[in-house]
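# Topology and contacts: notes
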Amino acid sequence: MSEMSPRLRAELEGIPTYKPGRPAAVGGPDAYKLSSNENPYPPLPGVLESVTAAASSFNRYPDMACTGLVNELSERFGVPLSHLSTGTGSVGVAQQLIQATSGPGDEVVYAWRSFEAYPIITRISGATPVEVPLTPGDVHDLDAMAEAITDRTRLVFVCNPNNPTGTVVRRTELERFLDRVPGDVLVVLDEAYREFIRDLEVPDGVELYRQRPNVCVLRTFSKAYGLAGLRVGFAIAHEPVAAALRKTAVPFGVSQLAQEAAIASLRAEDELLGRVGSLVCERTRVVEGLRAQGWTVPETHANFVWLRLGERTADFSAACEEHGVVVRPFLGEGVRVTIGESEANDVFLKVSEVFRKAL
Ligand SMILES: Cc1ncc(COP(=O)(O)O)c(C=O)c1O
């Protein structure tokens, strides 16, 4: 056998592998997974039925153009069909956006810490990540981000609300930032958690996209709509960005099951958004509980909270796990904890209380 191995692209060296949130302990009676910002509610019966019906024909390829879903989205958001592009989760669409805009020598600007896929998908394309630290309050530093844009910048992510801090940027500051971005740089407003926002000063990215050809909005069915396991997200973007997304899509990436589930979810939106409302109430309860215990918690607008624990991150995460809740540690920085079912949130609050008292 030859000693040689296939030559791989040098850019792949050193790219961290995406770390999924750890699953809850198998078989643990009270193990809760609060590590991946998933929706704790099981599928709605109607959504499950539409997926089950679609399962009878999975010997066939799905509709590559996602015609039914794109039609629904076009109506729901009041945007032309040609401005919509679907993909395998919004992370799939984010990767396509980078492939469509950025290669070796190009720069992709984003806040840090933010969604951990950004550096990975940037470097896979051979582009250079430019990470702009969050402010001390864990919010995007939009002035510093505007200053980080050079003539090599091709794409800027604004994660609103930001994962993992839950913080937001509001209308005035975001519009001021967009005014400073050159028209040939694509700004991607990643709104994976949009439905959890209750602050009216946080703009809907779709409204910003309407007036600005270089703005693209990313949305997902994984969080508020509870379809994380089916992998479907979408972008709303002007031509030629939307056309470039159709070119970079993996053919048949979005399964028919995912398409039918997404359509059924849009039709059951009232019920699903009712569940989001309950999670928002739980979020308030968790944040107030943590603050009453003495924690400093940034105001969160998503389905998770962020505790900046620094060197105590690993210990805190281990304490949670010992009591049956799995959280998402970012070692040396902090812990992100998803708002889950009330019982899970209760266990988490109990652990955080005990940990706080022992500090
Ligand atoms: C900010 C942000 N964007 C995008 C995604 C990707 O979600 P999905 O690919 O499931 O749509 C996530 C998932 O955690 C996220 O936090």
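Thresholds, definitions, all that
- Residues numbered from 1 in each chain as written.
- Predicted model: local features only at pLDDT ≥ 70, side-chain atom pairs only at ≥ 80, totals over all residues.
- Heavy atoms only, no water.
- UniProt positions renumbered as here; feature names shortened; annotations may be inferred.
- Helix = DSSP H or I, 4+ residues; strand = E, 2+ residues; numbered from the N terminus.
- Near = heavy atom within 4 Å.
- Polar contact = N/O pair within 3.5 Å; in protein donor to acceptor, adjacent residues only side chain to side chain.
- Areas by Shrake-Rupley, 256 points an atom, 1.4 Å probe, with all protein chains shown as cover.
- Nonpolar A, V, L, I, M, F, W, Y, C, P; charged D, E, K, R; others polar.
- Contact = heavy atoms within 4.5 Å.
- Pairing = 2+ DSSP bridges.
- Axes fitted to C-alpha atoms, helices over the stretch in contact; angles between N-to-C directions.
- Disulfide = S-S within 2.5 Å.
- Buried < 20%, exposed > 50% of the residue type's maximum accessible area, 1.4 Å probe, protein only.
- Patch = residues over 30% accessible without salt bridge, like charges linked within 9 Å, V, L, I, M, F, W, Y side chains within 5 Å.
- Salt bridge = Lys/Arg side-chain N within 4 Å of Asp/Glu carboxyl O.
- Phe/Tyr/Trp six-rings, centres within 6.5 Å; stacked < 30°, edge-to-face > 60°.
- Lys NZ or Arg CZ within 6 Å of the ring centre and 35° of its normal.

The name recorded for the protein chain in an unreviewed UniProt entry is Aromatic amino acid aminotransferase, from Streptomyces ruber. Its UniProt record gives the protein chain the following Function (unreviewed entry) comment, quoted word for word: "Aminotransferase that catalyzes the conversion of aromatic amino acids and 2-oxoglutarate into corresponding aromatic oxo acids and L-glutamate." According to UniProt, the comment filed for the protein chain under the heading Catalytic activity (unreviewed entry) is "an aromatic L-alpha-amino acid + 2-oxoglutarate = an aromatic oxo-acid + L-glutamate".

## Things to note about unusual backbone geometry
Cis geometry is adopted by the peptide bond preceding Pro161, which originates at Asn160 and carries an omega value of 0 degrees. Mapping Pro161 onto the fold places it in the loop between strand S5 (153-159) and helix H6 (171-180). The phi dihedral of Asn37 falls on the positive side, at around 55 degrees, and the residue is not glycine. By the element assignment, Asn37 lies in the loop between strand S1 (32-33) and helix H1 (45-55). A positive phi angle is found at Asp138, which is not glycine, with a value near 70 degrees. Relative to the helices and strands, Asp138 is located in the loop between strand S4 (128-133) and helix H5 (142-148).

## Re the site of the ligand
Around the ligand, 13 residues are found, and the nearest of them are Ser90, Asp190, Tyr193, Thr220 and Ser222. In this structure, an oxygen atom belonging to the ligand sits 3.0 Å away from a side-chain N or O atom of Lys223. For the ligand, the protein covers 93% of the area, taking 390 Å² as the surface of the free molecule. If one sorts the elements of the shell around the ligand by residue count, helix H3 (residues 89-101) sits on top with 3 residues. Residue composition of the shell around the ligand, by class: 5 nonpolar, 5 polar and 3 charged.

## Brief notes about the UniProt feature "modified residue: N6-(pyridoxal phosphate)lysine" (unreviewed entry) in the protein chain
Following the UniProt record, the feature "modified residue: N6-(pyridoxal phosphate)lysine" (unreviewed entry) maps to Lys223 here. Mapped onto the secondary structure, Lys223 falls in the loop between strand S7 (215-220) and strand S8 (233-236). Excluding anything up to four places from it in sequence, Lys223 contacts Ser36, Asn37, Asn39, Ala192, Tyr193 and Phe196. A polar contact is formed between the side chain of Lys223 and the backbone oxygen of Ser36, at a distance of 3.4 Å.

## Quick notes on the sheet that holds strand S2 (residues 84-87)
Read across the open sheet, the 7 strands follow the order S2-S8-S7-S6-S5-S3-S4; overall the sheet is mixed. Two strands close off the open sheet at either side, each with one partner strand: S2 and S4. When the angles between neighbouring strand axes are averaged without regard to direction, this sheet yields 25 degrees. The sheet contacts of helix H4 (residues 117-124) involve strand S3 (107-112), S4, S5 and strand S6 (186-190), and relative to S3 the element is tilted by about 170 degrees.

## As for the state of the cysteines
For the structure shown, the criterion picks out 0 disulfides. Free cysteine: Cys216, not disulfide-bonded; nearest cysteine sulfur from Cys159 at 13 Å. Judged by relative accessible area, Cys216 falls into the buried class, the value being 0%.

## Re the pairing of S8
Within a regular beta strand, the side chains point alternately toward one face of the sheet and then the other, so they alternate between its two faces. The alternating pattern of S8 places Gly233 and Ala235 and Phe234 and Ile236 on opposite faces, both of which are buried. One ladder, built from 4 bridges, connects S2 with S8; its direction is antiparallel. Pairing of Ser85 across the sheet is with Ala235, part of S8. Two elements, S7 and S8, share 4 bridges in a ladder whose sense is antiparallel. Along S8, the bridge assignment pairs Arg219 with Phe234.

## As for the side chain of Arg212
Inspection of the secondary structure puts Arg212 in the loop between helix H7 (205-211) and S7. Each residue touching Arg212, except ones within four places of it in the same chain, is listed here: Glu175, Leu178, Asp179 and His238.

## Some details on a nonpolar patch on the surface
On the surface, Tyr61, Met64 and Phe252 cluster together into a nonpolar patch covering about 370 Å² of accessible area. For Met64, a relative accessible area of 52% puts it in the exposed group.

## Focus: the packing of aromatic side chains
Within a pair of aromatic rings, the relevant descriptors are the distance that separates the centres and the angle that separates the planes. On inspection of all chains with the given rule, the structure shows 15 aromatic pairs. For the pair Phe316 and Phe348, a centre-to-centre distance of 6.2 Å together with 80 degrees between the ring planes defines the contact as edge-to-face. One end of the pair, Phe316, is in helix H11 (residues 313-322); the other, Phe348, is in helix H12 (residues 342-357), and 32 residues separate them in sequence. For Phe348, a relative accessible area of 2% puts it in the buried group. Here the aromatic residues Tyr18, Tyr110, Trp112, Phe115, Tyr118 and Phe157 are joined through ring pairs into a cluster of three or more. Directly above the aromatic system of Trp295 lies the positively charged group of Arg356, at a separation of 5.0 Å from the ring centroid.

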